[in-house]
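# Summary of the model geometry
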Amino acid sequence: MTREDPVETLLRLLKGFARLRGGVVDILEASGQERFKIHLSSLIRAKREEPTDYMVEDLLAELSRPAQSRRLSKLGIRIVEDRGEVYVEVPTDLLLKLRRKTQRRG
């Protein structure tokens, strides 16, 4: 069995986050905030919307590998640690794009 592509999996989880937290995305857009940090727990909740075989912690470990990290960098996504907590830092425009795809899908 082939393992899911980790970057595509993260994008699906971010789409699930954008669907669950549309109000937050609206505030980001209105405020002009360019980047947003999403906590690990929010990605775990988004997994209910966008199921994956990955455990979120394992996904982030996979995405920290150099080849995957370069792919994320091209998308403007970073995995960051702040005060011992893990976040995925995402450009607001990417969240808006993912939310639009969700809205079109219905």
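For the structure, check the block above.
Description of the structure in this document. Think of each chain on its own: its residues are numbered from 1, step by step along the sequence as written. Only residues with pLDDT of 70 or above have their local features reported here, since the model is predicted, and side-chain atom pairs are shown and tallied only from 80 upward, although totals for entire chains, interfaces and linings are computed over all residues. As a rule here, side-chain values come from all non-hydrogen atoms in the structure, and water together with hydrogens is ignored.

## Considerations on the pattern of salt bridges
The condition is simple: We define a salt bridge as a contact between a side-chain nitrogen of Lys or Arg and a carboxyl oxygen of Asp or Glu at a distance within 4 Å. Each residue gets one of three labels from its accessible area relative to the maximum for its type: buried under 20%, exposed over 50%, partly exposed in between, using a 1.4 Å probe on protein chains only.
Inspection of every chain in the model, using the stated rule, returns eleven salt bridges. The shortest N-O distance in the salt bridge between Glu4 and Arg12 comes to 3.2 Å. Under the relative-accessibility criterion, Arg12 is labelled partly exposed at 25%. Between Arg99 and Glu29 there is a salt bridge; the shortest N-O distance is 3.8 Å.

## A few points about helix α2 (residues 22-31)
Our working definition: Runs of E in the DSSP output that reach at least two residues are strands. Runs of H or I that reach at least four are helices, and both are numbered from the N terminus. It is the directions from the helix axis to the C-beta atoms whose arc is reported.
Listed in full, the buried residues belonging to α2 are Gly22, Val25 and Leu28. Viewed along the axis of α2, the buried residues span an arc of 115 degrees, placing them on a single side of the element. α2 presents Ile27 and Ala30 as exposed residues on the side facing more than 90 degrees away from its buried surface. Two residues or fewer after α2 comes Gly32, characterised by a positive phi angle close to 80 degrees.

## Remarks on the pairing of strand β2 (residues 78-82)
Let me state the cut-off plainly: When DSSP finds at least two bridges between two strands, those strands are taken to pair.
Two strands pair when backbone bridges link them, and β2 and strand β3 (residues 85-91) are joined in this way by five bridges, in the antiparallel orientation. Note on β3: the bridge partner recorded for Val80 is Tyr87. Counting the residues in the hairpin turn of β2 and β3 gives two residues, including Arg83, whose phi is positive at 55 degrees.

## Things to note about the nonpolar core
Here is the rule: Among the buried residues, those of types Ala, Val, Leu, Ile, Met, Phe, Trp, Tyr and Cys that are joined through side-chain atoms within 4.5 Å form a nonpolar core. Throughout, a contact is declared for two residues whenever any of their heavy atoms are within 4.5 Å.
With 24 residues, the main nonpolar core has Leu10, Leu14, Ile38, Leu43, Ile77 and Leu95 as its most contacted residues. The element contributing the most residues to this core is helix α1 (residues 6-20), with six residues. For Ile77, the residues in contact, after removing those within four places along its chain, are Leu10, Leu11, Leu14, Arg35, Leu72, Val88, Glu89, Pro91 and Leu94.

## Let's talk about the packing of α1 against helix α4 (residues 56-63)
Put simply, the rule reads: Here an angle of 0 to 180 degrees is reported between the N-to-C directions of two axes, which are lines fitted to C-alpha atoms, with helices fitted over the stretch in contact. Here the word oblique covers every angle except those under 35 degrees (roughly parallel), over 145 (roughly antiparallel) and from 65 to 115 (roughly perpendicular). For any pair of crossing helices, the crossing counts as left-handed if the nearer helix is rotated counterclockwise from the farther one by less than a right angle, and right-handed if it is rotated clockwise. Throughout, the ten residues Ala, Val, Leu, Ile, Met, Phe, Trp, Tyr, Cys and Pro are labelled nonpolar, Asp, Glu, Lys and Arg are labelled charged, and all others, Gly among them, are labelled polar.
Between α1 and α4, the shortest axis-to-axis distance is 10 Å and the interhelical angle comes to 130 degrees. Viewed along their axes, α1 and α4 adopt a mutual orientation that is oblique. Where α1 crosses over α4, the handedness of that crossing is left-handed. Across the interface between the two elements, Pro6, Val7, Thr9, Leu10 and Leu13 from α1 touch Val56, Leu59, Glu62 and Leu63 from α4. Here the contact of α1 with α4 is composed, by residue class, of seven nonpolar, one polar and one charged.

## Some thoughts on the side chain of Thr92
Relative to the helices and strands, Thr92 resides in helix α6 (residues 92-105). If we skip the residues at most four places from it in the chain, Thr92 touches Leu28, Glu29, Gln33, Glu34, Arg35 and Phe36.

## Quick notes on unusual backbone geometry
A positive phi is found at Arg83, a non-glycine position, where the angle reads about 55 degrees. Mapped onto the secondary structure, Arg83 falls in the loop between β2 and β3.

## Quick notes on α4
All of the buried residues along α4 are Val56, Leu59, Leu60 and Leu63. Seen from one end, α4 has its buried residues packed into an arc of 95 degrees, which puts them on one side. Those residues of α4 that are buried lie in contact with α1, α3 (40-46), α5 (66-75), β2 and β3.

Purely geometric stuff here, so don't read any function into it on its own.
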